[in-house]
Amino acid sequence: MTTSAPASPQLRRFIIVVDRLVVFIAQHWLFIVNVFLFIFAGLPVLAPILMHYGLTAPADLIYRGYSLTCHQLSERTYFFFGTKPVYTVTELETLLNVHGEDPLYWRGFIGNAELGYKMAWCERDHAIYFALMLAGIGFAFVRNTLKPLNWRWYLLFITPMAIDGTWQLFTSPIVILPFLPIHESDWLLRTITGVLFGIGSVWLIYPYVQDAMRDAYTDARDQLQRALAREAEAQQTRIAQGK
């Protein structure tokens, strides 16, 4: 019968570092997620502020980055520093004296000094991620008592957005299903449906994550204690051997 060779000092130290990292993540997962959401939801708001103050290079990076996550259509996006916070396509065409443009033209239109500058994502995305962030902050106060939302109730939170978004997707601005009446949502409906989706998602998912992270923390903490004990024994052995 063979026995495995004892772990090297480098491997033991590596295991301890990994165990510490797992303990930290399991203990502070909610804080980590909320900080990420704060940054992720804040950058699209920062983009028009940067544009307004002439910092176009960093603003352009934000617009380009978030173009991978959102359609960025101007008629579905909040504007800062302009005459209005939201515009319809008709209003934009009139104010800019352009007509009959390709619908995707408004994806690339960032804004100007008169109309203001748009956020780097649409009103619905803004509502979803800020709701996720705020609900995540609220979850910190009830994380040990809140039960997961029943999936049937969750359907009530996501159905309004599913109907509004899907109907709009297939009929506006590009008519894909012409047999459906054209539906163009507005800022209020996009905001309400996005907030419902964000809150419902936190209520459904976070309690399960909390339970899983609690178990992961216990296991990782115990493993870390064992690793530290083995490292202490190894150090005592080296001292006794005069190494």
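Shown above is the structure to which this text applies.
Residues numbered from 1 in each chain as written. Predicted model: local features only at pLDDT ≥ 70, side-chain atom pairs only at ≥ 80, totals over all residues. Heavy atoms only, no water.

## Looking at the side chain of D164
(1) Moving on: In this fold, D164 is placed in helix α6 (residues 151-171).
(2) Moving on: With a relative accessible area of 3%, D164 lands in the buried category.
(3) Moving on: A polar contact is formed between the side chain of D164 and the side chain of H183, at a distance of 2.5 Å.
(4) Moving on: Once residues within four sequence positions are removed from consideration, D164 is found in contact with R124, H183, S185, L189, R190 and T193. (Helix = DSSP H or I, 4+ residues; strand = E, 2+ residues; numbered from the N terminus. Buried < 20%, exposed > 50% of the residue type's maximum accessible area, 1.4 Å probe, protein only. Polar contact = N/O pair within 3.5 Å; in protein donor to acceptor, adjacent residues only side chain to side chain. Contact = heavy atoms within 4.5 Å.)

## Some thoughts on the state of the cysteines
(1) Moving on: A full pass over the atoms with the stated rule returns zero disulfides.
(2) Moving on: We note that C70 lacks a disulfide partner, and the nearest cysteine sulfur, in C122, lies 3.6 Å from it. (Disulfide = S-S within 2.5 Å.)

## What about the packing of helix α1 (residues 9-52) against helix α7 (residues 187-240)?
(1) Moving on: Interhelical geometry of α1 versus α7 gives an angle of 155 degrees and a closest axis separation of 8 Å. Classified by the angle between their axes, α1 and α7 sit roughly antiparallel to one another. Considering only the axes of α1 and α7, their crossing is left-handed.
(2) Moving on: Of the residues belonging to the contact of α1 with α7, the class tally is 20 nonpolar, three polar and six charged. (Axes fitted to C-alpha atoms, helices over the stretch in contact; angles between N-to-C directions. Parallel < 35°, antiparallel > 145°, perpendicular 65-115°, else oblique. Left-handed = near helix turned anticlockwise from the far one by under 90°. Nonpolar A, V, L, I, M, F, W, Y, C, P; charged D, E, K, R; others polar.)

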